[in-house]
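Structure at a glance
Below, each chain spelled out in residue letters.
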Amino acid sequence: MKIHPLKDGNFSVDKNKNFTYLEDSENEKDLKIAIQPFLIETKDDLVLLDAGLGWLENDVPKIHLNIEKARLKPENVKMILLSHLHKDHIDGLVNKNGKHWSLNFPEAEVYLQKRELEFARSKDGNPSFDLDVLNFIIDNAKIVWMDLDKGNLTPEISYEVTGGHTPFHQVFWIKENNETAFYGADNLPQMGYLKYQIAFKTDFDGKKARDERMLWEKQAREEQWKILLYHDLELDIVTI
């Protein structure tokens, strides 16, 4: 398989979940993270893992430009796998340029955990969520509803609902030709999360997320997983 990081950029994030490019930020105390979805090119599919912020560059969706830089076509994306529904993971599915919104990947199937949607909709007013975008996706995209705790989406792609960062956060494995790519999303967003085994208070269940990471680290070493890091400022794909 081929793995393409689609980096939106490095950002400063304030307590109200406002994102500013890091080079434009003046507040040293704000959270500093990267935003980088991943596009995986398998023998049969072009799979997008989460979708980024949905920002534009010269009126063109940044995620489209990044896919084209990888010499691929956005219209060929077949599957979009959503780990959870925070706005920095789903807004890249929607082009909000102009008066009328549109889907950035209208022909792709969007795999979405139904219980996570119920949780997100209970958080009206929470700045981590953009319910207008979320509802537009639900109303217009080709949704494939997921409601089991684990399973296979294709012979190559498996998933598990782990909770942790959010109640029904899910992670994905893509396996092909003796290679395994693992996407832990916001339960394993940065390499530092393996270096320091911390239960983060910002997670819905930080202890569960920490315990899952400890299990993943052991298995990743044994099986030489390619770990995809959505929020790491310096790294994108690592093998430990």
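Okay, so let's go over this structure. Here, residues in each chain are numbered from 1, in the same order as that chain's written sequence. The model is predicted, so local features are restricted to residues of pLDDT at least 70 and side-chain atom pairs to those at 80 or more, both for listing and for counting; the totals for chains, interfaces and linings are taken over all residues. The basis for every side-chain value is the complete set of heavy atoms in the structure, and neither hydrogens nor water enter the calculation.

What about the overall build of the chain?
Numbered from the N terminus, helices here are DSSP runs of H or I no shorter than four residues, and strands are runs of E no shorter than two. Secondary structure assignment for the chain yields six helices and 19 strands. Based on the C-alpha atoms only, the size of the chain along its principal axes is roughly 50 × 45 × 35 Å. Accessible surface, the chain as shown: approximately 11900 Å² in total, 46% of it carbon and sulfur. Reported accessibility uses the Shrake-Rupley method at a 1.4 Å probe radius. Residues are deemed covered only where the shown protein chains occlude them.

Brief notes about the nonpolar core
Buried residues of nine kinds, namely Ala, Val, Leu, Ile, Met, Phe, Trp, Tyr and Cys, make up a nonpolar core once their side-chain atoms join them within 4.5 Å. Relative accessibility thresholds used throughout: buried, under 20% of the residue-type maximum; exposed, over 50%; partly exposed, between the two (1.4 Å probe, protein chains only). Within the largest apolar cluster, 32 residues are counted, with the highest numbers of intra-cluster contacts made by L48, V77, I80, L85, L93 and F105. Of all the elements in the fold, those that place two or more residues in this core are β6 (46-49), α1 (62-69), β12 (109-113), α3 (114-121) and α4 (131-140). Here this core takes six residues from α4, the largest share from any one element.

Here's the deal with the sheet that holds strand β4 (residues 31-35)
What the three strands build is an open sheet, ordered β3-β2-β4; its pairing is antiparallel. At either margin of the open sheet sits one strand with a lone partner, and together these are β3 (19-21) and β4. Averaged over all neighbouring strand pairs, the angle between strand axes comes to 40 degrees, with direction disregarded. Where strand β2 (residues 9-13) and β3 come together, three bridges link them in antiparallel fashion. Directly across from F11, in β3, lies its bridge partner Y21. Paired strands are those between which DSSP finds at least two bridges. Structural elements are reduced to axes, namely lines fitted to C-alpha atoms, with helices fitted over the stretch in contact, and the angle between N-to-C directions of any two is expressed from 0 to 180 degrees.

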